[in-house]
Amino acid sequence: QLQLVESGGGLVQPGGSLRLSCAASGFTLGHYAIGWFRQAPGKEREGVSCIRISDGTTYYADSAKGRFTISRDNARNTVFLQMNSLKPEDTAVYYCAAHYRAIQLCTRDYKYWGQGTQVTVSS
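Just so you know, these numbers come straight off a predicted model, no measurement behind them.

Caption draft 1: Geometry of the state of the cysteines. On inspection of all chains with the given rule, the structure shows 2 disulfides. Here cysteine 22 pairs with cysteine 96 through a disulfide, and the sulfurs are 1.9 Å apart. Where cysteine 22 bonds to cysteine 96 through sulfur, the torsion about that S-S bond is close to -70 degrees, and the disulfide is left-handed. On the criterion of sequence distance, the pair formed by cysteine 22 in strand β3 (residues 18-25) and cysteine 96 in strand β9 (residues 92-100) is long-range, its members being 74 residues apart. Like cysteine 22, the residue cysteine 96 is buried in the burial classification. Disulfide pairing places cysteine 50 opposite cysteine 106 at an S-S distance of 1.9 Å. Disulfide cysteine 50 to cysteine 106: torsion about the S-S bond roughly 90 degrees, handedness right-handed. One end of the pair, cysteine 50, is in strand β5 (residues 46-52); the other, cysteine 106, is in the loop between β9 and β10 (112-113), with 56 residues separating them in the sequence. By relative accessible area, cysteine 50 is classed as buried at 0%. Taking the relative accessible area as the measure of exposure, cysteine 106 reaches 12% and is therefore buried. Ordinal numbering of bonded cysteines along the protein defines a disulfide pattern of 1-3, 2-4.

So, how was this worked out
Residues numbered from 1 in each chain as written. Predicted model: local features only at pLDDT ≥ 70, side-chain atom pairs only at ≥ 80, totals over all residues. Heavy atoms only, no water. Disulfide = S-S within 2.5 Å. Helix = DSSP H or I, 4+ residues; strand = E, 2+ residues; numbered from the N terminus. Buried < 20%, exposed > 50% of the residue type's maximum accessible area, 1.4 Å probe, protein only.

Here is the structure:
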């Protein structure tokens, strides 16, 4: 059974850092694209950063460029999102999602979703 579990969220001050983890089980990570999405109350879900595991192709939203880095550890079936220089606007529930590798990265058509982890950036 395909499962995605996010962790690493929490409360951080502006300018701080967090590293989110997405632990995948029940499937071979290399056959999929993995994405980090976020949703704040009253706002649409948006793609933050995504990666096609097989070739390492990445995508970053403009809001994330230069601050966030997506990476993976294939042996551990885990994808990370390193978030630096966090801003209050980054506050949201962050979701890990997976889809077959052929998907266009960071669209909202991902098939499998984790339950999310809360990130709050506040003084």
